[in-house]
Amino acid sequence: MKFQAPRGTYDILPDDNSQWNFIENIFKKVVKLYNYKELRFPIFESLELFERSVGKTSDIVEKEMYVFEDKKGRTFALRPEGTASVARAYAEHSLTSGKRDPLRLFYQGPMFRYSRPQKGRYRQFYQFGAECIGRPGALADAEIIALGWKILQEAGVPDVQLRINSVGCPDCRKTYLKQLQNYLFDRKKNFCSLCQRRMKTNPMRVFDCKNPICKDQLSDAPQMLDHLCPACQEHFESVKKYLNIMEVKFEVDPHIVRGLDYYTRTAFEYCVDYLGAQDALGGGGRYDGLIEFVGGKSTPAVGLSLGIERILLALEKRKISIPQMPSLDVFIIPMENKFIENAIEIMNNLHNENISAQIAYAGASMKSSFKFCDRNNVKFAIIIGANEVESGKYAVKNIHKREQTNIKLNKISSYIKADLT
Ligand code: HAM
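Residues numbered from 1 in each chain as written. Predicted model: local features only at pLDDT ≥ 70, side-chain atom pairs only at ≥ 80, totals over all residues. Heavy atoms only, no water.

## Quick notes on the layout of surface pockets
Roughly 490 Å³ of volume is contained in the second largest pocket. Along the walls of the second largest pocket sit 22 residues, with R173, L260, D261, Y262 and Y263 positioned nearest its centre. Elements with a minimum of two residues in the lining of the second largest pocket: α2 (47-53), α6 (170-186) and α10 (290-293). Ranked by residues supplied to the lining of the second largest pocket, first place goes to α6 with four residues. Broken down by class, the residue content of the lining of the second largest pocket amounts to 11 nonpolar, five polar and six charged. (1 Å grid on protein atoms, 1.4 Å probe; cavity = no way out; pocket = protein on both sides within 12 Å on 5 of 7 lines; lining within 4 Å. Points joined across faces, edges and corners; volume = space filled by probe spheres on them. Helix = DSSP H or I, 4+ residues; strand = E, 2+ residues; numbered from the N terminus. Nonpolar A, V, L, I, M, F, W, Y, C, P; charged D, E, K, R; others polar.)

## Observations concerning unusual backbone geometry
Within the chain, E247 stands out as a residue other than glycine whose phi angle is a positive 60°. Tracing the sequence through the fold places E247 in the loop between α9 (230-245) and β8 (251-252). Positive phi, close to 55°, is recorded for N377, a residue that is not glycine. With respect to the helices and strands, N377 occurs in the loop between α13 (366-375) and β14 (380-384). Among the residues examined, N377 registers a relative accessible area of 43% and is labelled partly exposed. (Buried < 20%, exposed > 50% of the residue type's maximum accessible area, 1.4 Å probe, protein only.)

## Here's the deal with the nonpolar core
Formed by 102 residues in total, the largest nonpolar core has its most connected members in I23, I133, V157 and Y270. The element best represented in this core is helix α5 (residues 138-155), accounting for 11 residues. Grouped together as the second largest cluster of nonpolar side chains are 17 residues, I346, M347, L350 and I355 included. (Core = buried A, V, L, I, M, F, W, Y, C linked by side-chain atoms within 4.5 Å.)

## Overview of the sheet that holds strand β2 (residues 44-46)
The strand order β2-β4-β3 describes an open sheet built from three strands, whose pairing is antiparallel. Edge positions in the open sheet fall to β2 and β3 (67-69), since each of these has one partner strand only. Shown here is a sheet whose adjacent strand axes are inclined to one another by a mean of 35°, direction ignored. (Pairing = 2+ DSSP bridges. Axes fitted to C-alpha atoms, helices over the stretch in contact; angles between N-to-C directions.)

## Topic: the site of the ligand
Not every one of the 26 residues close to the ligand is listed here, only the nearest: E81, T83, Y122, E131 and Y263. The separation between an oxygen atom of the ligand and a polar side-chain atom of R113 is 2.9 Å. For the ligand, an oxygen atom lies 3.0 Å from a polar atom in the backbone of A280. Coverage of the ligand by the protein chains reaches 95% of its 660 Å² of free accessible surface. Of all the secondary-structure elements, those providing two or more residues to the shell around the ligand are β6 (124-133), β10 (280-286) and β11 (301-307). Considering each element in turn, the shell around the ligand owes the most residues, six residues, to β10. Looking at the shell around the ligand residue by residue, the classes come out as nine nonpolar, 11 polar and six charged. (Near = heavy atom within 4 Å. Polar contact = N/O pair within 3.5 Å; in protein donor to acceptor, adjacent residues only side chain to side chain. Areas by Shrake-Rupley, 256 points an atom, 1.4 Å probe, with all protein chains shown as cover.)

Structure representation (structure tokens):
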């Protein structure tokens, strides 16, 4: 029987890893610039955590969770995102970084959503996330948005559109939601069945519908931005002001409402217009009520997540080349089986000097060995034959420079190191 990776999942093969490492290194470099510290949390959590945080009426909780019972009948879910776990960990461990300083956390890893797989949408996918906890002011929002922007710029993703909005606070949203609901109910029959359901349970999510007929109906709909209370209005103005100073290009899009229920005030997405329906490379926002909601003290917070697959797809689509992984330094070629011991000694010496080296299997032809060197961009080859062993001098070939020098065993490492540094 032949097995396959489950639908919506995939293997990241060795040749693809240089792309993944490239993006991961950028992410790690940028979060370090902004002084974020890593948090690792479980792949599964109690189902209730996601129901309470992401929201019972969100698509994620309603339709997309991988839920299971353990042997004692407790119900868990594979994590569909990271923010709920960060909030849970913050509350559980009473984490802070000092009275005045916010706690800046980052994470990366696989997330799981049972959605219909297509290009850019998987059932297991990988996210980077950063969460800034403990600061209510607009500077934290702008900093988080700029951090995501910088990652995408450093990765070289072309034509990223950053869309920002404010979804208000529970106070100003209450009156707005009534007005929006009235507007939607008056036109109910013109909307798709999903929108009809959402207008009852979660009316702002109607703005997320991709159906052009529903979109048309929304052209005159009341907008949250026109109903912000003075404090939310001031916050949003400051976010925009700081982003301008940070030279982050954005547009205000009143239809950015996000698919998760925990947001307050700022909501944003990074999109491109060349990836079809799966056009969001990342998104996030402020979630001032979440930590208290999952059992902690009332604590303001703001964060973002980026989807790694979508960033890679964007680069591929626009044919942006990604630097290859550093290549193998030395390939050691014993011409016969009896020279393997000499090859091991040379490899050991090289590894002790932090020079990467690998032994060709004995009996491989010269031709296939040098083909391997070409394919893997190897810098040096060392050939071990009877003459070399007898004379104690080994043929070290600098493949890139097309030079060959005979060198004593105990000088090989320093000779190669001098060239590599
Ligand atoms: P999200 O918008 O649900 O937000 O996901 C963030 C990003 O993850 C998306 O923009 C997309 O790039 C990627 N993504 C989501 N689902 C899939 C999928 N099925 N396949 C491939 N990529 C996917 C969050 O997850 C929030 N936790 C963001 C946040 C952090 N808000 C505050 N802090």
